[in-house]
Amino acid sequence: MGDLLLVRHGETEWALSGQHTSWTDIPLTENGREPARRLAPLIGSYHVGAVFSSPMVRAHETAKLLGLGNVRVDADLCEWDYGAYEGVTTLEIQRNRPGWFLFTDGVAPGPPEHPGESPEEVGARADRMLAKVEAALAEYEGSVVLVGHGHFSRVLTARRLGLTPADGAHFLLATGTVSRLSTEHGRPVVAGWNLRP
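Notes on the structure in this doc start here. (Residues numbered from 1 in each chain as written. Predicted model: local features only at pLDDT ≥ 70, side-chain atom pairs only at ≥ 80, totals over all residues. Heavy atoms only, no water.)

Thoughts on the overall build of the protein chain
Phase 1: From N to C terminus, the protein chain includes seven helices and six strands.
Phase 2: In sequence order, the secondary structure elements of the protein chain are arranged as β-α-α-β-α-β-α-α-α-β-α-β-β.
Phase 3: Relative to a compact globule of 197 residues, whose C-alpha radius of gyration would be 16 Å, the protein chain shows 16 Å and is just as compact.
Phase 4: Structurally, the protein chain occupies a C-alpha span of about 50 × 35 × 25 Å along its principal axes.
Phase 5: Pairs at least 24 apart in sequence give 67% of the contacts found in the protein chain among residues at least 6 apart.
Phase 6: Total accessible area on the protein chain stands at roughly 9,000 Å², and carbon and sulfur atoms take up 53% of it. (Helix = DSSP H or I, 4+ residues; strand = E, 2+ residues; numbered from the N terminus. Rg over C-alpha atoms; globule rule 2.2 N^0.38 Å. Contact = heavy atoms within 4.5 Å. Areas by Shrake-Rupley, 256 points an atom, 1.4 Å probe, with all protein chains shown as cover.)

Here it is as structure tokens:
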């Protein structure tokens, strides 16, 4: 059975400024494109059986720069819906909510089309995505690649390891990196984290 390879998209302007970015479809910066290009040989060293990408341009472009083909776009890979905190930095949020922490406190409600998600809702979405990963690992020979976003991938990692969504806080994920989730003696493990060439 193959591994699960998590690719966090490259740098964007809002990633640089620390603004929470979920549904705002911001492209990669040129500095964000280059690390993705450099990751291509690392991804190419794995036998890839299936690839899923978030529909956001920053993720889809990263998949393309990695040279990945037959990419299945899946909305379950979208970033945590930040609701009213879209485009807002943690420092700005904490001015009004001292001690606020995304992984335990969630977000303030946003507009009707983006109401925000609780940690439990993100965890449920991660579980749906992991079910698709399991199906792909059973159907295809090789690893499964998910090209997505920081906070969501951290929750997905926690759920893959049998932890709570809030435990995603323990997995800091840098832009333009690959992380490998594997198994040891039939149990899920982190086999590599924030890998770069």
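Some words on the packing of aromatic side chains
Phase 1: Tallied over the full model, the rule gives four aromatic pairs.
Phase 2: On the basis of an interplanar angle of 75° and a centroid distance of 5.3 Å, the ring pair of tyrosine 85 and tryptophan 100 is categorised as edge-to-face. Taken together, the positions of tyrosine 85 in the loop between β3 (71–73) and α4 (90–96) and tryptophan 100 in the loop between α4 and α5 (102–105) put the pair 15 residues apart, joining distant regions of the chain.
Phase 3: Here the aromatic rings of phenylalanine 101 and phenylalanine 103 are separated by 5.7 Å at their centres, their planes lie at 45°, and the arrangement is tilted.
Phase 4: For phenylalanine 101, a relative accessible area of 39% translates into the label partly exposed.
Phase 5: A connected cluster of aromatic rings, assembled from ring pairs, spans Trp80, Phe101 and Phe103. (Phe/Tyr/Trp six-rings, centres within 6.5 Å; stacked < 30°, edge-to-face > 60°. Buried < 20%, exposed > 50% of the residue type's maximum accessible area, 1.4 Å probe, protein only.)

A few points about the packing of helix α2 (residues 30–44) against helix α3 (residues 57–65)
Phase 1: The geometry of α2 relative to α3 is characterised by a closest axis approach of 8 Å and an angle of 40° between their N-to-C directions. As the angle between them shows, α2 and α3 are arranged oblique. Considering how the two elements wind past one another, α2 and α3 form a crossing that is right-handed. Seen from α2, the contacting residues are Arg33, Ala36, Arg37 and Ala40; seen from α3, they are Glu61, Thr62 and Leu65.
Phase 2: Here the residues of the contact of α2 with α3 sort into three nonpolar, one polar and three charged. (Axes fitted to C-alpha atoms, helices over the stretch in contact; angles between N-to-C directions. Parallel < 35°, antiparallel > 145°, perpendicular 65-115°, else oblique. Left-handed = near helix turned anticlockwise from the far one by under 90°. Nonpolar A, V, L, I, M, F, W, Y, C, P; charged D, E, K, R; others polar.)

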